[in-house]
Amino acid sequence: MFIAPGLYAKEKRYVIPFVASASILFVGGGYFGWRMAFPVAFKYLLGLSGNLETIGVEVKPTVMMDDYIDFVTRMLLGFGIIFLIPLFILFLSIAGIINYLHLIRYGRWFIVAAAVLAAFITPPDATSMAMMAAPMVLLYGGSIGLAYLFGKPPTQAQRDAYKARCEREGERERKRNEKLAEKRAREAGKKAEEAKKLAPERPATRPRKKKRPAKVAAPAAKKKRSKKKAQKQKVGKKKPPSD
């Protein structure tokens, strides 16, 4: 109502879709936090109560209304705002401030920023932190696709610079891997030398001679020998006794 008089007719066509999509995304983010993240956070916080058997103390949770409202408001606003990430990035890409190459380049830094922001907003447990950080990363990935489809394409100079940077990073990664492999090989060699020094020296032993297998006479040779023995015995029996 107050902004429409200051906009051109072409700009007014983008206002209604922008406002409608922002409202839907914000409400969807709050609903996601209420249905998914809130039960996990409350379960963790209320699970801190119970009996402390070591000191004999029983802890009972007492939820104060002002603390509860403050916590719920902060979580709802947090989830609603992070669901506006695709719309914000799409606006910047259409304006030509960023493009999908910038988003790909700084994707690793966004993951770190998402983890830090989730740890700051959510309670101090890993589950609720992951339930906020994971949608942020997924929405950022979807924003890259939106910037590629609807945003201004990068110039040829930006493409060449991105390609050269990727090549430099690949070369740096390859050299790092080679150095790491050389370091591991040196450490393995040192460990092998130390093991040899610590191992006791064994006395040198002569190699044992292999026993030759006994020669087995052929069956034909055995038969000839047996025949000769039989003939000699017969001749000895036939000799007359000497006078």
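Data block above holds the structure.
Residues numbered from 1 in each chain as written. Predicted model: local features only at pLDDT ≥ 70, side-chain atom pairs only at ≥ 80, totals over all residues. Heavy atoms only, no water.

**Focus: the pattern of salt bridges**
- What the rule picks out here adds up to five salt bridges.
- Close ionic contact of Glu169 with Arg108 constitutes a salt bridge, the shortest N to O distance being 3.8 Å. Of this pair, Glu169 sits in helix H7 (residues 156–198) while Arg108 sits in helix H5 (residues 107–121), and the two are 61 residues apart along the sequence.
- With a closest N to O distance of 2.4 Å, Arg176 and Glu173 form a salt bridge. With a gap of three residues between them, Arg176 and Glu173 both fall in helix H7, about one helical turn apart.
- Assessed through its relative accessible area of 44%, Arg176 is described here as partly exposed.
- The exposure class assigned to Glu173 is partly exposed, which follows from its relative accessible area of 39%.
- Linked by salt bridges that have partners in common, Arg108, Arg165 and Glu169 make up one network. (Salt bridge = Lys/Arg side-chain N within 4 Å of Asp/Glu carboxyl O. Helix = DSSP H or I, 4+ residues; strand = E, 2+ residues; numbered from the N terminus. Buried < 20%, exposed > 50% of the residue type's maximum accessible area, 1.4 Å probe, protein only.)

**Notes on the environment of Leu90**
- Position of Leu90 among the secondary structure elements: in helix H3 (residues 85–94).
- Looking at Leu90, the relative accessible area reads 18%, which means it is buried.
- Along the chain, Leu90 and Ala147 lie 57 residues apart, while their C-alpha atoms are 5.7 Å from each other.
- Not counting the four nearest positions on each side in its chain, Leu90 is found in contact with Leu146 and Phe150. (Contact = heavy atoms within 4.5 Å.)

**Here we look at the packing of H5 against helix H6 (residues 126–150)**
- Interhelical geometry of H5 versus H6 gives an angle of 150 degrees and a closest axis separation of 8 Å. Between H5 and H6, the angle falls in the class roughly antiparallel. Pair H5 / H6 crosses with right-handed handedness. Note on element contacts: H6 touches H5 through Met129, Met132, Ala133, Met136, Val137 and Tyr140, opposite Gly107, Phe110, Ile111, Ala114, Ala115, Leu117, Ala118, Ala119 and Ile121. (Axes fitted to C-alpha atoms, helices over the stretch in contact; angles between N-to-C directions. Parallel < 35°, antiparallel > 145°, perpendicular 65-115°, else oblique. Left-handed = near helix turned anticlockwise from the far one by under 90°.)

**Remarks on the nonpolar core**
- Met75, Ile82, Leu103, Met132 and Met136 are the most contacted members of the largest nonpolar core, which totals 27 residues.
- Put simply, the parts of the chain that give this core at least two residues each are helix H1 (9–46), helix H2 (65–82), H3, helix H4 (100–105), H5 and H6.
- The residues touching Leu103, leaving out its near neighbours within four places in the chain, are Ile89, Ile98, Tyr140, Ser143, Ile144 and Ala147. (Core = buried A, V, L, I, M, F, W, Y, C linked by side-chain atoms within 4.5 Å.)

**Concerning the packing of aromatic side chains**
- Throughout the structure, instances matching the rule amount to seven aromatic pairs.
- Between Phe18 and Phe91, the aromatic rings sit 6.2 Å apart at their centres with planes inclined by 55 degrees, giving tilted as the arrangement. Remark: Phe91 occurs in helix H3 and Phe18 occurs in helix H1; sequence separation between them is 73 residues.
- On the basis of relative accessibility, which here comes to 49%, the residue Phe91 falls in the partly exposed class.
- With a centroid separation of 6.3 Å and 40 degrees between ring planes, the pair formed by Phe38 and Phe71 is classed as tilted. Remark: Phe71 occurs in helix H2 and Phe38 occurs in helix H1; sequence separation between them is 33 residues.
- Owing to a relative accessible area of 1%, Phe38 belongs among the buried residues under this scheme.
- Since its relative accessible area comes to 12%, Phe71 is described here as buried.
- Among the aromatic residues, ring-to-ring pairing joins Phe32, Phe79 and Phe83 into one connected group. (Phe/Tyr/Trp six-rings, centres within 6.5 Å; stacked < 30°, edge-to-face > 60°.)

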